[in-house]
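Descriptive structure summary
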Amino acid sequence: MEVHAHLLTASKIFCGCATGFGAPPNTQVCEVCLGMPGSLPVLNHKAVEFALKMALATNCRVNPESVFARKNYFYPDLPKGYQISQYELPLAEHGFLDIKVEGHARRIGITRIHMEEDAGKLIHSESRPVSCVDFNRTGVPLIEIVSEPDMRTPEEAVEYLKGLRNILLYLEICDGNMEEGSLRCDANISLRPVGQTELGARAELKNMNSFRFVKAALEYEIKRQRALLAAGREIVQETRLWDTAANQTVSMRGKEEAHDYRYFPDPDLVPLRIEADWLESLRKNLPELPAARLNRFQAEFGLPEYDAEVLTSDKTRADNFEATVKDFPHLSPKQVSNWFLDDPTSMSTITPATSGSLLTLVEKGTISRNQAKEVLKEVVATGKDPETIIKEKGLTQISDASALEVAAQEIINANPKEAADYRAGKTKVMGFFVGQLMKQTRGQANPQLANEIFQRLLG
Amino acid sequence: MALTRDEVLHVANLARLSLAPEEIELFTRQLNDILAYVSKLQELDTAGVEPLAHVIPVFNVFREDAVREGLDRDAALSNAPAREEGAFVVPRII
Ligand SMILES: [Zn+2]
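In what follows, the accompanying structure is described. Quantities reported herein were computed from a predicted structural model and do not represent experimental measurements.

Analysis parameters
Residues numbered from 1 in each chain as written. Chains lettered and ligands numbered in written order. Predicted model: local features only at pLDDT ≥ 70, side-chain atom pairs only at ≥ 80, totals over all residues. Heavy atoms only, no water. Helix = DSSP H or I, 4+ residues; strand = E, 2+ residues; numbered from the N terminus. Rg over C-alpha atoms; globule rule 2.2 N^0.38 Å. Buried < 20%, exposed > 50% of the residue type's maximum accessible area, 1.4 Å probe, protein only. Areas by Shrake-Rupley, 256 points an atom, 1.4 Å probe, with all protein chains shown as cover. Lys, Arg positive; Asp, Glu negative; His and termini not counted. Charge placed at Lys NZ, Arg CZ, Asp CG, Glu CD. Pairing = 2+ DSSP bridges. Contact = heavy atoms within 4.5 Å. Axes fitted to C-alpha atoms, helices over the stretch in contact; angles between N-to-C directions. Donors = N, O, S within 2.8 Å, 3.2 Å for Na, K, Ca; no water. Tetrahedral: all angles 85-135°; square planar, octahedral: opposite > 155°, others 65-115°. Buried area = accessible area lost by both parts, 1.4 Å probe. Polar contact = N/O pair within 3.5 Å; in protein donor to acceptor, adjacent residues only side chain to side chain. Nonpolar A, V, L, I, M, F, W, Y, C, P; charged D, E, K, R; others polar.

Digging into the overall build of chain A
Across its full length, chain A holds 16 helices and 17 strands. The C-alpha atoms of chain A give a radius of gyration of 29 Å, which is well past the 23 Å a tight globule of 459 residues would have. With the C-alpha coordinates of chain A rotated into their principal frame, the extents come out at 90 × 55 × 50 Å. Here chain A holds 459 residues, and the buried ones make up 50% of them.

Let's talk about the overall build of chain B
Of regular secondary structure, chain B possesses three helices and three strands. Mapped in sequence order, the helices and strands of chain B form the string α-α-β-α-β-β. Expected size for 94 residues packed as a compact globule is a radius of gyration near 12 Å; at 22 Å, chain B overshoots this value by more than 25%. For chain B, the spread of C-alpha atoms along the principal axes amounts to about 55 × 45 × 25 Å. Accessible surface computed for chain B: about 7500 Å², of which carbon and sulfur atoms make up 58%. Looking at chain B, you have 9 positive and 16 negative side-chain charges, and the mean spots of the two groups are 5 Å apart.

Things to note about the sheet that holds strand 12 (residues 183-189) of chain A
Residue and element names in this part refer to chain A. The nine strands lie next to each other as 3-7-8-11-1-12-13-14-15, forming an open sheet whose pairing is mixed. The strands lining the two open edges of the sheet, one partner per strand, are strand 3 (61-62) and strand 15 (248-251). For strand 13 (residues 203-206) and strand 14 (residues 238-243), the ladder comprises four bridges, and the chain directions are parallel. Residue pairing across strands places Ala203 opposite Glu238, the latter belonging to strand 14. Sitting on the sheet, helix 1 (residues 45-57) touches strand 3, strand 7 (92-101), strand 8 (104-117) and strand 11 (141-147), and the angle it makes with strand 8 is about 165°.

Topic: the sheet that holds strand 5 (residues 68-72) of chain A
Consider a sheet: its strands pair through backbone hydrogen bonds, and that pairing is either parallel or antiparallel. All names here are of chain A. Spatial strand order, 6-5-16: three strands in an open sheet with antiparallel pairing. Pairing within the sheet leaves two strands with one partner each, and these edge strands are strand 6 (82-86) and strand 16 (264-265). Where strand 5 and strand 6 come together, five bridges link them in antiparallel fashion. Residue pairing for strand 6: Phe68 is matched across the bridge by Gln86.

Some thoughts on unusual backbone geometry
One non-glycine residue, Arg16 of chain B, lies in the positive phi region at around 55°. Turning to its location among the elements, Arg16 of chain B is positioned in the loop between helix 1 (5-14) and helix 2 (21-38).

Looking at the coordination of the zinc ion
Octahedral six-donor coordination of a metal ideally yields angles of 90 or 180 degrees, compared with 109.5 degrees for tetrahedral four-donor coordination. Residues and elements named next belong to chain A. The protein atoms donating to the zinc ion are Cys15 (SG), Cys17 (SG), Cys30 (SG) and Cys33 (SG), with metal-donor distances spanning 2.3 to 2.4 Å. Classification of the site at the zinc ion rests on its four donor atoms, whose angles at the metal span 99 to 116°, yielding the label tetrahedral. When the donors of the zinc ion are listed by position in the chain, the intervening gaps give C-x1-C-x12-C-x2-C. On the criterion of sequence distance, the pair formed by Cys17 in the loop between strand 1 (2-6) and strand 2 (43-44) and Cys30 in the loop between strand 1 and strand 2 is long-range, its members being 13 residues apart. The exposure classification of Cys17 matches that of Cys30, with both residues buried.

A word on the interface of chain B and chain A
On the side of chain A, 53 residues touch chain B, which itself brings 34 residues to the contact. Around 3800 Å² of area is buried between chain B and chain A when both sides are counted, 60% of it from carbon and sulfur atoms. Of all residues in chain B, the largest losses of buried area upon contact with chain A belong to Arg63, Asp65 and Arg92 of chain B, amounting jointly to 19% of the total for that side. Counting the contacts that link chain B with chain A gives 21 residue pairs in polar contact (both at pLDDT 80 or more). The set of elements that each furnish at least two residues to the side of chain B that touches chain A consists of helix 1, strand 1 (62-63), helix 3 (73-76) and strand 3 (87-91) of chain B. Among the elements that take part in the side of chain B that touches chain A, strand 3 of chain B stands out by supplying five residues, more than any other. Across the side of chain B that touches chain A, the residue classes tally to 19 nonpolar, six polar and nine charged. With two bridges connecting them, strand 2 of chain A and strand 1 of chain B associate as parallel partners. Across the sheet, the residue bridging to Asn44 of chain A is Arg63 of chain B, located in strand 1 of chain B.

Geometric values such as these leave the question of function open.
In structure tokens form, the structure reads like this:
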């Protein structure tokens with residue numbers, strides 16, 4: 001897989017233009033990123049630091065010296081006629097990322113990480129034979145992370161991609177937004193008949209801007225290639241696009257001309273020398289990464305491995321969980337974790353202060369677990385605080401035994417058969433009685449108390 | 001190693017240039033002249049010389065990550081063959 005990640009610098013990689021997404025076309029451009037004659041690129045220091053952090057976090061060997069090269073091709077999104085990239089001497093090589101798929105650990109090799117500039121954006125006209133070019137994205141710093149052909153299933157590919165994204169977010173060097181193109185991936189996929197050692201001809205898949213599309217495109221491509229091979233036909237080495245509407249990959253005909261990029265060192269840029277002490281100080285200041293946090297969550301909060309995995313696989317989720325547990329020490333970490341595992345999206349959306357006060361209301365018995373789930377949805381939808389919602393909806397748990405007892409006795413009287421069944425030892429009927437009481441009280445009865453009352457009245 | 005006519009056509013195609021028949025002949029000859037001239041460098045014995053990416057011994061020229069005002073959009077588009085809603089307009093490629 002080849003993964004491209006936008007680095008979260010304020011300015012572009014070789015000029016001072018802003019990098020923000022969504023500005024009006026061609027309002028973040030200058031002589032340098034428009035490739036005007038006589039302009040010269042100067043490397044953004046922070047972009048190098050961000051790239052180095054990723055190299056360290058993925059166990060890469062950083063090359064003491066690396067070189068920028070020109071990748072030459074002619075396309076309207078590339079004003080200079082070449083893209084500044086790295087070729088023979090990339091920033092870093094020989095790393096790996098450990099992933100887990102259905103409980104099995106796998107180590108995916110990382111061939112190289114190099115720095116490059118992004119190209120512009122083309123908007124093709126629907127009605128006329130023209131394309132509009134916006135150069136705002138031209139020169140936004142990218143790292144390209146190239147993996148070894150180590151992945152064997154679409155699931156592994158998705159886990160690898162999620163793992164990379166998670167590290168980028170932990171390092172705070174990329175926003176990981178696949179829809180806006182801050183994180184993009186190309187996948188090369190080939191089949192290998194059983195017993196054969198070398199991989200077959202491969203197709204390169206592009207345009208997969210979500211994890212779901214990556215999985216769907218790879219699954220489709222496996223089916224397509226398998227059918228071709230089974231029919232005794234050959235796989236054409238080509239680039240294919242994922243067509244979201246048609247749910248299939250389609251050949252990019254017309255672009256099949258062999259790549260001939262004629263790379264050479266860019267004479268406008270001097271080589272990059274990464275001194276050992278620079279690298280060491282970056283290494284020392286790396287934030288806690290997902291793998292370390294997973295271990296700490298188990299040790300510090302006594303969480304099962306599964307819980308720690310789910311929590312740490314998303315930085316915001318892990319941050320919110322940790323803040324909730326630290327700010328509300330009376331809540332048990334496992335209880336808090338259950339809520340995050342139950343509804344990870346909602347729990348990552350609301351603030352730790354809100355989750356803490358919501359869970360405290362459940363712990364105190366003010367509202368039931370089911371009511372709290374309802375409140376959580378409302379908090380996410382309206383942004384109001386839990387107390388307000390509880391008041392507005394009149395949600396309180398009836399924990400007054402005498403009020404519930406009257407209703408419970410009525411239910412028993414109305415259902416003599418079930419009552420007899422219970423007394424004859426069919427304790428499963430208890431669920432029916434509690435359910436009836438919940439219905440009558442519109443979910444406001446304290447379920448534990450309801451259970452106790454029925455046991456007493458039926459005993 | 002002389003450059004063939006096919007190689008000239010290949011390079012022209014990569015640069016999206018269409019050459020007239022007499023230009024193909026002319027450029028093939030001229031490019032070969034240039035290559036012959038530069039190939040004098042091959043006479044140097046470079047065994048034991050490390051490959052060099054840059055001729056001056058300077059490394060790590062950086063700028064700080066600070067945003068600088070770029071070009072005004074009208075100025076940026078002033079060389080565009082055609083423009084529309086702030087974008088450069090080019091013949092459709094896909
Ligand atoms: Zn610029």
